[in-house]
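Results of the structural survey
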Amino acid sequence: MDAPECPACRLTFPRTSALVGAMPRLTTVVADTTGLLRKSTIRKMNKEILRIQKHYPQLIIQVAMHGFIPEHPFSMHAFWLFNAGAFAGEAKRGKDNHALLILIDPYRQESAIVPGYGLEPLLPQQALDHLLEMSSSAFQAAKWELGLEAMLDVLEQLLESVTVVDETRRFGEGEY
């Protein structure tokens, strides 16, 4: 991502930060500030995500389960958290940002996927909507592990089908 403003609400990152407050403390890979995920689920999801990232070394996946204040649109929170979190690292900006944030607010019953700019050409909005759709019924039933497993399975299938510009290498092979 790294957008100067939220595409949904047109707020800038500094203005959004002033509205929503401090960045929540998140652990890497799978973070749950709500305490709703079992420790065994977190370990299992961490292991699965690290396996995917090993196959696609440019990819950084961050899952965050957090309750956000309801006064602001969920899309604004997703935009803000992606930019505030700098999950790909401070040096990986713009086209070099291959981070993917999977955000779940169990209290609002909303979820979002925010890709870095480097992933946007590979994972169009329609593909991201499909990922969310695959997990929505599980998330609505508070079956977080099942929803995340479904999402990660389909994400991996999408990544396997995506080729880079020269069509001789797949995303994940060498440097992109």
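This report concerns the structure included in the present document. (Residues numbered from 1 in each chain as written. Predicted model: local features only at pLDDT ≥ 70, side-chain atom pairs only at ≥ 80, totals over all residues. Heavy atoms only, no water.)

Let us look at unusual backbone geometry. If you check the backbone angles, V29 has positive phi at about 70° while not being a glycine. Note on V29: relative accessible area 12%, which makes it buried. Its identity as a non-glycine residue notwithstanding, Q109 has a phi of 55°, on the positive side. Inspection of the secondary structure puts Q109 in the loop between strand 3 (99-105) and strand 4 (110-115). (Buried < 20%, exposed > 50% of the residue type's maximum accessible area, 1.4 Å probe, protein only. Helix = DSSP H or I, 4+ residues; strand = E, 2+ residues; numbered from the N terminus.)

Let us now look at the layout of surface pockets. Considered as a void within the structure, the second largest pocket measures approximately 150 Å³ in volume. In terms of lining, the second largest pocket is formed by I104, D105, P106, Q109, E110, S111, L132, S136, F139, Q140 and W144. For the lining of the second largest pocket, the secondary-structure elements that each account for two or more residues are strand 3, strand 4 and helix 4 (125-140). The leading source of residues in the lining of the second largest pocket is helix 4, at four residues. The class makeup of the residues in the lining of the second largest pocket is five nonpolar, four polar and two charged. (1 Å grid on protein atoms, 1.4 Å probe; cavity = no way out; pocket = protein on both sides within 12 Å on 5 of 7 lines; lining within 4 Å. Points joined across faces, edges and corners; volume = space filled by probe spheres on them. Nonpolar A, V, L, I, M, F, W, Y, C, P; charged D, E, K, R; others polar.)

Summed over all chains, the structure comprises seven salt bridges. A salt bridge links E48 to R51; its shortest N-O distance comes to 2.6 Å. Residue E48 and its partner R51 are both found in helix 2 (residues 39-55); the two are separated by three residues, about one turn of the helix. Residue classification places E48 among the partly exposed positions, given a relative accessible area of 23%. Residue classification places R51 among the partly exposed residues on the basis of a relative accessible area of 39%. For R108, the salt bridge is made with E110, and the minimal N-O distance between the two is 3.2 Å. Here the salt bridges share partners, and the residues they tie into one network are R38, K44, E145 and E149. (Salt bridge = Lys/Arg side-chain N within 4 Å of Asp/Glu carboxyl O.)

The next subject is the pairing of strand 3. Most of strand 3 sits out of view: seven of its seven residues are buried. Of the two faces of strand 3, both are covered, the one formed by A99, L101, L103 and D105 as well as the one formed by L100, I102 and I104. Here strand 3 pairs with strand 4 via six bridges, running antiparallel. Its bridge partner being in strand 4, L103 is matched across the sheet by A112. Hairpin remark: strand 3 followed by strand 4, antiparallel, with four residues in the connecting loop; positive phi at Q109, about 55°. (Pairing = 2+ DSSP bridges.)

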